[in-house]
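Below are the chains, spelled out letter by letter.
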Amino acid sequence: MPISYNLIYTGRRETLIDDFLKNNITQYIFLNDLLIVIYVDEDFDEDLFNHIAQVVWWEKSYSMSSLIEITDNIVQGEGALQTINISYTGSTLYTNLDGEGVVIALIDSGIDYLNQDFINEDGSSKILYLWDQESNYGSPPEGFLFGSEFTREQINDAISSSNQNLSSDQIGTGTAAAGIMVSEGKNNPSYRGIAPKAELIVVKLRTYRDLFREGVINYKNTDFLVAIAYIIQKFKQILRPVIINFTLGTMSGRENDHTLLNTFRELKQSGFILVSGAGNQGNTDIHYSGNVSNGESLDIAFQVGDDKNLNIVIEGTEVDKLGVAVISPLGEISTTVFYSPSFKKYTGRFNLENVDYSISYNYPLIGTSSLQVIVNLENIYSGIWTLRIIGEDVINGEFNAYLPNKNLISKDTRFIDSDSRATITRYGLMREVITVGTYNTKYNSIWIGSSKAPDVIRDSILDIVAPGVDVISNYLDNTFNTFTGTGVSSSIVCAVISLLIEFIIDQSELYRLSIYSEPIKTYLMLGATQKGIYSYPNISYGYGVLNYENTLDRISENL
């Protein structure tokens, strides 16, 4: 399968295309006026980017993983409606809303489109558009390179003829998220979705295997960003409010790594709402935070399990310049990489362990004044490794190091002295995104795996928490299962937001002024339940626990 890159470019597209063709780059997708994704062979020489004048920045695709865990715990599970108490609310103001007129976009493992819970009473599908990035059954969407797009009419025909060949969900997390949000409850009324009249745009992302561990599935952020461009295309066609549900997460981070999402100007328009699970890294030992002074070096131990490859990302603070090296379990040391005025990649080999490495130094990282160093270790050897950080030209001295999401790597791979703070998935750091952690309704406490924000004094990144432990929803082959994680919580919040938007449209002629991520985020914060024993916002709860009734009341007071 080809490898892919995100590129920021300037100037005329025609000139850039000419340069691409001269360098045998033939597979590319323009996502907007600044961002392009290219697909090339594995032996592609990245140095070519330095000779294309219009390419001002580039990055190789990085991994994403599901924020939904399949838990097989039906006996102790509860339906999505029960987790937010809608089914027990007496007032018709709260129970009559069903999400009609609102569209939720889902980028995940696909959907079981023949499941009765995703079919309306008139026999039509709840899905307006389905793009399966892996399918060869039909044609790609206009302007895209791969997969098959299916319209509601085509899906309706497949439903009427019981045709299962259009697309399939072989993992189940996409079907689960859809069930939480829009299920009709035909198979079991107790597990009806929160917004059964909302409709869907579904993108089934391409899957990749064996990146870090044999047999483990991951996704790529390039394909994810292409899916965002596709949803924007459909948003312009349907002219209805669209909520995008981020049930997949990138590696965690602390700095606002939002530049690529910010290239999509449409995401800030009225009618677009972005919701992301915060991440499932709250107790996974994938983050180290430290401080180093000028001329000082700090050695950070990390344990490696049965992984085949591993990535480590180091983020500096403000204008600090740091040196980076890696030491193997047998004492070999890599090249020590220091500041370079342009992006530079250093490669080498640990001969005793037969491990290849590369260290890429990027300063300043686009959209920031900070550095980012990426360490890649291939055919890695298990044992205790060391990451050495050296203060080269330091003012602040703070830095953070991150391993990949825990569900992509060995359970034994971890920082020895880890920090559970600042573990939000990178696309959840964007200001325009409503970032949701997970609350455990069984124990009335935060779920241990819910990612945490950095210090809230500087910036409140985590907005609210919502139920997300052992929630029952649709699964494969018309069955049900339980699901846990911040992707479950984001799905619940997306469905609740669709009810809120329906109410706003019904009650206000100026509704477009409120259908942005930030006003909706503010209403959710104002309506959230807060415990008297905590101060808010805080790194675990944000502004509190999702409270649908109270949030609707706050909106009603302000319309």
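One can find the structure itself at the top, above this paragraph.
My aim in this report is to walk through the structure given alongside it, one point at a time. Please read these numbers as outputs of a predicted model, since none were measured by experiment.

1. Quick word on the overall build of the protein chain
Across its full length, the protein chain carries 10 helices and 31 strands. Computed over its C-alpha atoms, the radius of gyration of the protein chain comes to 23 Å, within 12% of the 24 Å expected for a compact globule of 559 residues. Overall size of the protein chain, expressed as C-alpha extent along the three principal axes, is 65 × 60 × 45 Å. Excluding contacts between residues fewer than 6 apart, the proportion of contacts in the protein chain whose partners are at least 24 apart in sequence is 77%. Of the roughly 21200 Å² that the protein chain leaves accessible, carbon and sulfur atoms contribute 45%. Here the protein chain contributes 39 positive and 67 negative side-chain charges, whose respective centroids are spaced 1 Å apart.

2. Thoughts on the environment of Asn-294
Mapped onto the secondary structure, Asn-294 falls in the loop between β17 (287–291) and β18 (297–304). Along the sequence, Asn-294 and Ser-420 sit 126 residues apart, while their C-alpha atoms lie 26 Å from each other. Those residues within four positions of Asn-294 in sequence are excluded, and the remaining contacts are Gly-391, Glu-392, Asp-393 and Val-394. One polar contact links the side chain of Asn-294 to the main-chain amide nitrogen of Val-394, over a distance of 2.8 Å.

3. Comments concerning the side chain of Ser-328
Among the secondary structure elements, Ser-328 is positioned in the loop between β20 (321–327) and β21 (344–350). With near-sequence residues (within four places) excluded, Ser-328 lies in contact with Phe-350, Glu-353, Ile-384 and Trp-385.

4. A word on the sheet that holds strand β3 (residues 35–40)
Strand order in the open sheet made by the four strands is β2-β3-β1-β4, with antiparallel pairing throughout. Pairing within the sheet leaves two strands with one partner each, and these edge strands are β2 (27–30) and β4 (55–60). Within this sheet the neighbouring strands show an average axis-to-axis angle of 25°, counted without direction. Here strand β1 (residues 3–9) runs beside β3; their pairing, made up of six bridges, is antiparallel. Looking across to β3, one finds that Leu-7 is bridged to Ile-36. Lying over the sheet, helix α6 (residues 221–238) contacts β1, β2, β3 and β4, oriented at roughly 135° with respect to β3.

5. Details of the packing of aromatic side chains
Here the structure, examined in full by the defined rule, presents 28 aromatic pairs. Ring centres 5.2 Å apart and planes at 70° place the aromatic pair Tyr-5 and Phe-49 in the edge-to-face group. Within this pair, whereas Tyr-5 is found in strand β1, its partner Phe-49 is found in the loop between β3 and β4, the two being separated by 44 residues in sequence. With respect to burial, Tyr-5 and Phe-49 carry one shared label: buried.

6. Some thoughts on helix α8 (residues 486–507)
Look at α8: 31 Å from first C-alpha to last across 22 residues, which is about the 32 Å you get at 1.5 Å a residue. Within α8, 19 of the 22 residues are buried, which leaves the element mostly enclosed by the surrounding structure.

7. Digging into the pattern of salt bridges
Within this structure, the stated rule accounts for 27 salt bridges. The closest approach of N and O atoms between Arg-426 and Glu-315, which form a salt bridge, is 2.5 Å. With a gap of 111 residues between them, Arg-426 in the loop between β26 (414–415) and β27 (433–440) and Glu-315 in strand β19 (residues 309–315) connect regions that are remote in the sequence. For the pair Arg-426 and Glu-315, a shared accessibility class is recorded, and that class is buried. Salt-bridge contacts for Arg-431 lead to Glu-432; the nearest nitrogen and oxygen are separated by 3.6 Å. Each of the salt bridges in this network shares a partner with another, and the network as a whole consists of Lys-268, Arg-431, Glu-432 and Glu-518.

8. A few points about the sheet that holds β20
Strand order in the open sheet made by the four strands is β20-β24-β18-β26, with antiparallel pairing throughout. The outermost strands of the open sheet, each flanked by one partner alone, are β20 and β26. Bridging between β18 and strand β24 (residues 383–393) involves eight bridges; their strand directions are antiparallel. Bridged to Phe-302 within β24 is Trp-385.

9. Section: the packing of α8 against helix α10 (residues 548–558)
The N-to-C vectors of α8 and α10 enclose an angle of 25°; their axes lie 11 Å apart at closest approach. Classified by the angle between their axes, α8 and α10 sit roughly parallel to one another. Like other packed secondary-structure pairs, α8 and α10 cross with a definite hand, here right-handed. Together, Val-496, Leu-499, Leu-500, Phe-503 and Ile-504 of α8 and Tyr-548, Thr-551, Leu-552, Ile-555 and Ser-556 of α10 make up the contact between the two elements. Of the residues assigned to the contact of α8 with α10, the class counts are eight nonpolar, two polar and no charged.

10. Structural notes on the nonpolar core
Counting 63 residues, the largest nonpolar core has Ile-194 and Ile-497 as the members making the most contacts within it. Residues within four places of Ile-497 in sequence aside, it is in contact with Ile-243, Ile-273, Val-275, Ile-434, Ile-520 and Leu-524. Formed by 46 residues, the second largest nonpolar core is a distinct cluster that contains Ala-105, Ala-229, Phe-246 and Leu-260.

11. Considerations on unusual backbone geometry
Across the junction of Tyr-536 and Pro-537, the peptide omega takes the value -5°, indicating a cis bond. Within the secondary structure, Pro-537 sits in the loop between α9 (517–527) and α10. Even without glycine at this site, Asp-285 takes up a positive phi of about 65°. Looking at the secondary structure, you find Asp-285 in the loop between β16 (272–277) and β17. In this structure, Asp-470 takes a positive phi of about 50° despite not being glycine. Relative to the helices and strands, Asp-470 is located in the loop between β29 (464–467) and β30 (471–474).

12. Side note on the packing of α9 against α10
Viewed as axis vectors pointing N to C, α9 and α10 meet at an angle of 120°, and their least axial separation amounts to 8 Å. Classified by the angle between their axes, α9 and α10 sit oblique to one another. Here the hand of the crossing between α9 and α10 comes out right-handed. Mapping the contact onto sequence places Tyr-523, Leu-524, Leu-526 and Gly-527 in α9 and Asn-550, Thr-551, Arg-554, Ile-555 and Asn-558 in α10. Looking at the contact of α9 with α10, its residues break down into four nonpolar, four polar and one charged.

What counts and what doesn't
Residues numbered from 1 in each chain as written. Predicted model: local features only at pLDDT ≥ 70, side-chain atom pairs only at ≥ 80, totals over all residues. Heavy atoms only, no water. Helix = DSSP H or I, 4+ residues; strand = E, 2+ residues; numbered from the N terminus. Rg over C-alpha atoms; globule rule 2.2 N^0.38 Å. Contact = heavy atoms within 4.5 Å. Areas by Shrake-Rupley, 256 points an atom, 1.4 Å probe, with all protein chains shown as cover. Lys, Arg positive; Asp, Glu negative; His and termini not counted. Charge placed at Lys NZ, Arg CZ, Asp CG, Glu CD. Polar contact = N/O pair within 3.5 Å; in protein donor to acceptor, adjacent residues only side chain to side chain. Pairing = 2+ DSSP bridges. Axes fitted to C-alpha atoms, helices over the stretch in contact; angles between N-to-C directions. Phe/Tyr/Trp six-rings, centres within 6.5 Å; stacked < 30°, edge-to-face > 60°. Buried < 20%, exposed > 50% of the residue type's maximum accessible area, 1.4 Å probe, protein only. Expected span 1.5 Å × (residues − 1). Salt bridge = Lys/Arg side-chain N within 4 Å of Asp/Glu carboxyl O. Parallel < 35°, antiparallel > 145°, perpendicular 65-115°, else oblique. Left-handed = near helix turned anticlockwise from the far one by under 90°. Nonpolar A, V, L, I, M, F, W, Y, C, P; charged D, E, K, R; others polar. Core = buried A, V, L, I, M, F, W, Y, C linked by side-chain atoms within 4.5 Å.

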